[in-house]
Structures are given as C-alpha cells and as structure tokens.
Amino acid sequence: MSSVLANNISGKVVVITGGSSGLGETTARHLASLGASVVLGARRIDKLEAIAADIRAAGGEVAVQATDVTSQDEVKALVNLAQERFGKVDVVINNAGLMAIAPLAETRVDEWDRMIDINVKGLLYGVAAALPIFQEQGSGHFINISSVAGIKVFSPGGTVYSGTKFAVRAIAEGLRHEVGGKIRSTIISPGAVESELKHGSSDTQGAAFVKDFYQQNEIPSESVARAIAYAIEQPADVDINEIVLRPTVQEF
C-alpha cells in the first residue's frame, strides 16, 4: 500500500516557504526523492541554491527564489514561479515561522509584530497567491505548519507565539470549510523538532529555556517530512485535516 501511495507524490509540484533550513529543507529533499518537483522560497538565496544543487545532483526537479513571506508580492512571485516553471501548483506548504519566547511583561512589541507578520500574514499571503490557481485547476492542497503550542498555550513566555499558532489552526480549518471538496487543507502541529526555530528568541532567559527544552526533547526534522508526505500522498478524495506529532518524551 505504501508504494502505491508514494506514486501520488511523484509528478506533483510543491511550493515550500522557509525552504532554506529545518523542516522546509528536509521536506523538500524528502519530497524530491519521491519524485515531486519542489519550489523553494526563503530569504537566504545562497542556502536555497546549495539545496537545489543537491536535489538536482540526485536527479530531482527544483526551482528556488529569494522570498520574504512578509511581502505579499514576493510570496505571489514564488507561487507564480512554480506555475510558470512546471505548469501547475499542486501543494503549498506554508512553513516559514518565527518563535520568539519572552514574558509578556518584557513588551517586546517588535518581536510580536514579526511573529504575526511571518506566522499569520505570511500564511495568508500563501493562501492568497495559490487559491485562485487551485480554484482554476479544480485541485490543490494547502499544508500549514502550526505547533502543539497552537493546541495548548505555551506560557509563560510563548503566549504570543501560541496566539499565532492558534490563528494558523483557525485559518486552516476555516479554509477547509470554505473551499473543501477539491481543495485540501492540512494542519501539521509538531512538538520539539530539530530546526532553526529554536534560535528565534532574543530574550536571554527565554533563549536559555528553549535551548534546554529542545536538548531534552527534540526529534529529527525527518519526522515532520514523513508526516507531510503522508498527507500529500493520500488519494484526492481523502483530506488529512490535522497531524499532531510530539517526541515521545515531550510532556507539553
């Protein structure tokens, strides 16, 4: 059965934001190995080009473009690149994210704004760019990366981050309800997974807490890549709406 489902990934065109490291990079490599054409966006074009070189050397199809998800125009350009290069867009993975942990009393408003711009507005820009294409095609799949912090508020320290991830779950579920039928919507809610997300805190105590938490709990990013592949490979009439995955040792 698994080999049959894997064939549902081969030939698909997958756009991934935050594709230069962590979950985005690992997912791109995994899906390309299964025959998908991947289109990667991130701010660090040098990282993207190095990943693309590896994928091409392994026989995969890939395109990259410098993309800041806080810019609606840049996100739209990334999705348009996928359509222009490969003739269609099958999946958009809204993966780019920022986790800045600090008590609310620190009033790090700039970080609050940045998390909202990346985690929430960046996702919405991905939806705005791809939804018209999906509707015209009569098919498509949004995969939105939330967090277990979008299920239970991660406090003290992660209240605003949790707020953005609760928003991801609400938007993704509303999207499913509004456009479901031929367009699929999946929420991926990971626990502690190896990625650069853990380096997003400028608050000294928050950064130390996150570092210790991840050292004790994190699992490889391949765990999430496999979950994403599982959602994509399902037949067109099956919509995996949400996957929650934690390290077995993680209590939160």
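Going by the structure above, here's the rest.
A short tour of the structure in this document, coming up. Since we're looking at a predicted model, the values are computed, not measured.

Section: the layout of surface pockets
For step 1, the next point in the chain: The computed volume of the largest pocket comes to approximately 820 Å³.
For step 2, the next point in the chain: For the lining of the largest pocket, the secondary-structure elements that each account for two or more residues are helix H2 (22-33), strand E2 (37-42), helix H5 (109-137), helix H6 (159-179) and helix H7 (204-217).
For step 3, the next point in the chain: Per element, the largest residue contribution to the lining of the largest pocket is four residues, and it comes from H7.
For step 4, the next point in the chain: Residue composition of the lining of the largest pocket, grouped by class: 21 nonpolar, 15 polar and six charged.
For step 5, the next point in the chain: Taken as a whole, the second largest pocket spans an internal volume of roughly 160 Å³.
For step 6, the next point in the chain: What lines the second largest pocket is Lys12, Asp90, Val91, Ser139, Gly140, His141, Gly181, Lys182, Arg184 and Ala236.
For step 7, the next point in the chain: Its residues placed into classes, the lining of the second largest pocket shows two nonpolar, four polar and four charged.

Some thoughts on the side chain of Lys12
For step 1, the next point in the chain: As for its position among the elements, Lys12 is in the loop between helix H1 (2-6) and strand E1 (13-17).
For step 2, the next point in the chain: We note that Lys12 is buried and unpaired, the nearest opposite charge coming from Asp90 at a distance of 6.2 Å.
For step 3, the next point in the chain: A polar contact of 3.3 Å, which involves the side chain of Lys12, links it to the backbone oxygen of Ile232.
For step 4, the next point in the chain: Not counting chain neighbours up to four residues away, the residues in contact with Lys12 comprise Ala36, Ser37, Lys88, Asp90, Arg184 and Ile232.

What to know about the sheet that holds strand E7 (residues 242-245)
For step 1, the next point in the chain: With respect to topology, seven strands assemble into an open sheet ordered E3-E2-E1-E4-E5-E6-E7, the strand pairing being parallel. Two strands bound the open sheet, and with one partner strand each, they are strand E3 (61-66) and E7. If you compare each strand with its neighbour and ignore which way they point, the axes differ by 15° on average.
For step 2, the next point in the chain: Note that E1 and E2 share five bridges and pair parallel. Pairing of Ile16 across the sheet is with Leu40, part of E2.
For step 3, the next point in the chain: Of the strands in this sheet, strand E4 (91-94), strand E5 (140-145) and strand E6 (183-190) touch H5, which is tilted by about 170° from E5.
For step 4, the next point in the chain: Across the sheet, H6 lies against E5, E6 and E7, angled at about 160° from E6, the strand it touches most.

The rules we used
Residues numbered from 1 in each chain as written. Predicted model: local features only at pLDDT ≥ 70, side-chain atom pairs only at ≥ 80, totals over all residues. Heavy atoms only, no water. 1 Å grid on protein atoms, 1.4 Å probe; cavity = no way out; pocket = protein on both sides within 12 Å on 5 of 7 lines; lining within 4 Å. Points joined across faces, edges and corners; volume = space filled by probe spheres on them. Helix = DSSP H or I, 4+ residues; strand = E, 2+ residues; numbered from the N terminus. Nonpolar A, V, L, I, M, F, W, Y, C, P; charged D, E, K, R; others polar. Buried < 20%, exposed > 50% of the residue type's maximum accessible area, 1.4 Å probe, protein only. Lys, Arg positive; Asp, Glu negative; His and termini not counted. Salt bridge = Lys/Arg side-chain N within 4 Å of Asp/Glu carboxyl O. Polar contact = N/O pair within 3.5 Å; in protein donor to acceptor, adjacent residues only side chain to side chain. Contact = heavy atoms within 4.5 Å. Pairing = 2+ DSSP bridges. Axes fitted to C-alpha atoms, helices over the stretch in contact; angles between N-to-C directions.

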